[in-house]
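For reference, the chains in residue letters:
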Amino acid sequence: MKVTCLVDNAVQTRSTLWGEHGLAFLIEAEGRRVLFDTGASGAVLVHNLLEVKTLPDSITAVALSHAHYDHTGGLSVFLELRPRLPLYAHPDLLRERFSRREEDTRSVGLRLTEPSLRSLADLHLNAAPQEILPGVWTTGEIAERPEPEGRSPHHCVRDGEGWAPDPYRDDIALVLDSPAGLVLVCGCCHAGLLNTLAHVQRTFGRDPAAILGGAHLGAADQAHLRRLIETLRLLGPPALLLNHCTGLTAHLALAFALDEHIQPCPAGTVLEF
Ligand SMILES: [Fe+2]
Ligand SMILES: [Fe+2]
């Protein structure tokens, strides 16, 4: 299996790929390709697909980690190039999302309406795990969350006349059953990395040999980071290729504790499993 980081906040040195605050991965298994997330703008996704010599026509399916614009903003541009593609996500993808700072309220969810999304793609919205290709699964909803979530205090949803914290029920990841073991590919991991790891063990019966993507650990305190490091040590530790929203403090703590198990994963990174 081959995984390419197509869009990230950072880009490999000397790469011709473009960067933006967003995330997208290209997953190739047995000659078929899945796009996981679409970055924020569409322009970066399309440019980077061309740079890695991948025609939109060659992609078999798209999966979305959650509704936030930095993962779904390129979707409409992509679906115009590749209409009627099977699209895998959690049903809560369609719920409106907002970011509120004092009285400044911004919509940060999916920019497509439900009817336009249904006209552009073949929707597979399910809270249970879904098999996209042989060996390429969505995690399904990470329902049990005893550990802290990857939460931003600004993220919210409408609640009657008021607002409530975003429950992030749509937050899912992908699990790749590769010859090198399970590979966990996260979007923002708003469900929390520890909760996601426990869900993967319960659902797939094994722990990941590698973890990729955004881990949203910016708000994690020292106790949380210590528990995460301890858990990762017990799991091997797996190879960690965290990027996007992981956060510098968490990155440094993980790098200091887990040393050679940490690798960078900017746009342009190509991995074989
Ligand atoms: Fe994100
Ligand atoms: Fe997010």
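Please refer to the structure higher up on the page.
All values reported here derive from a predicted model rather than from experimental measurement. (Residues numbered from 1 in each chain as written. Chains lettered and ligands numbered in written order. Predicted model: local features only at pLDDT ≥ 70, side-chain atom pairs only at ≥ 80, totals over all residues. Heavy atoms only, no water.)

Visitor: Help me out: how do you make sense of the side chain of Asp-92 in this one?
Guide: Mapped onto the fold, Asp-92 is located in the loop between strand S5 (85-89) and strand S6 (98-101). No salt bridge is formed by the buried Asp-92. Its closest oppositely charged neighbour is Arg-95, at 4.0 Å. Leave out the neighbours within four places in its chain, and Asp-92 touches Arg-97, Arg-169 and Asp-170. (Helix = DSSP H or I, 4+ residues; strand = E, 2+ residues; numbered from the N terminus. Buried < 20%, exposed > 50% of the residue type's maximum accessible area, 1.4 Å probe, protein only. Lys, Arg positive; Asp, Glu negative; His and termini not counted. Salt bridge = Lys/Arg side-chain N within 4 Å of Asp/Glu carboxyl O. Contact = heavy atoms within 4.5 Å.)

Visitor: Is there a simple way to explain the side chain of Ser-178 in this structure?
Guide: With respect to the secondary-structure elements, Ser-178 resides in strand S13 (residues 174-178). Among the polar contacts listed, one links the side chain of Ser-178 to the backbone oxygen of Gly-181, at a separation of 2.7 Å. Apart from the residues within four sequence positions on either side, Ser-178 is in contact with Met-1, Val-183 and Phe-273. (Polar contact = N/O pair within 3.5 Å; in protein donor to acceptor, adjacent residues only side chain to side chain.)

Visitor: Which parts of the structure should I look at to understand the environment of Val-62?
Guide: Secondary-structure assignment places Val-62 in strand S4 (residues 61-63). Judged by relative accessible area, Val-62 falls into the buried class, the value being 0%. Separated by 27 residues in sequence, Val-62 and Leu-35 have C-alpha atoms that sit 4.7 Å apart. Ignoring any residue separated from it by four or fewer positions in sequence, one finds Val-62 in contact with Leu-35, Thr-38, Leu-75, Leu-85, Pro-86, Leu-87 and Tyr-88.

Visitor: What exactly am I supposed to notice about the coordination of the iron ion (ligand 1) here?
Guide: Octahedral metals with six donors have ideal donor angles of 90 or 180 degrees. Tetrahedral metals with four donors have an ideal donor angle of 109.5 degrees. At the metal site, the iron ion (ligand 1) is ligated by Asp-70 (OD), His-71 (NE2), Cys-188 (SG) and His-244 (NE2), and these contacts range over 2.1 to 2.2 Å. Around the iron ion (ligand 1) sit 4 donor atoms; with metal-centred angles ranging over 85 to 158°, the donor geometry is irregular. Each donor residue of the iron ion (ligand 1) belongs to the same chain, and together they define the spacing D-H-x116-C-x55-H. A gap of 3.6 Å separates the iron ion (ligand 1) and the iron ion (ligand 2), which Cys-188 links by coordinating each metal. Here His-71, found in helix H2 (residues 69-72), pairs with His-244, found in the loop between strand S16 (239-243) and helix H7 (248-258); they are 173 residues apart in sequence, far enough to count as distant. A relative accessible area of 0% means that His-71 is categorised as buried. (Donors = N, O, S within 2.8 Å, 3.2 Å for Na, K, Ca; no water. Tetrahedral: all angles 85-135°; square planar, octahedral: opposite > 155°, others 65-115°.)

Visitor: Just to check I follow, could you spell out the coordination of the iron ion (ligand 2) for this structure?
Guide: Those protein atoms acting as donors to the iron ion (ligand 2) are His-66 (NE2), His-68 (ND1), Cys-188 (SG) and His-190 (NE2), and they sit at 2.2 to 2.8 Å. Between the 4 donor atoms coordinating the iron ion (ligand 2), the angles at the centre fall across 88 to 176°, so the site counts as irregular. All donors of the iron ion (ligand 2) come from a single chain, and their spacing in sequence reads H-x1-H-x119-C-x1-H.

Visitor: I'm lost on the sheet that holds strand S7 (residues 104-107) in this one. Help?
Guide: Pairing between the strands of a sheet comes from backbone hydrogen bonds, and it takes one of two forms, parallel or antiparallel. One open sheet holds the 4 strands; their spatial order is S7-S6-S11-S12, and the pairing between them is antiparallel. Every interior strand has two partners, whereas the edge strands, S7 and strand S12 (162-165), have only one. Adjacent strand axes in the sheet meet at a mean angle of 45° when their direction is disregarded. Bridging between strand S11 (residues 155-159) and S12 involves 4 bridges; their strand directions are antiparallel. Opposite Arg-158, over in S12, you have Trp-163 as the bridge partner. (Pairing = 2+ DSSP bridges. Axes fitted to C-alpha atoms, helices over the stretch in contact; angles between N-to-C directions.)

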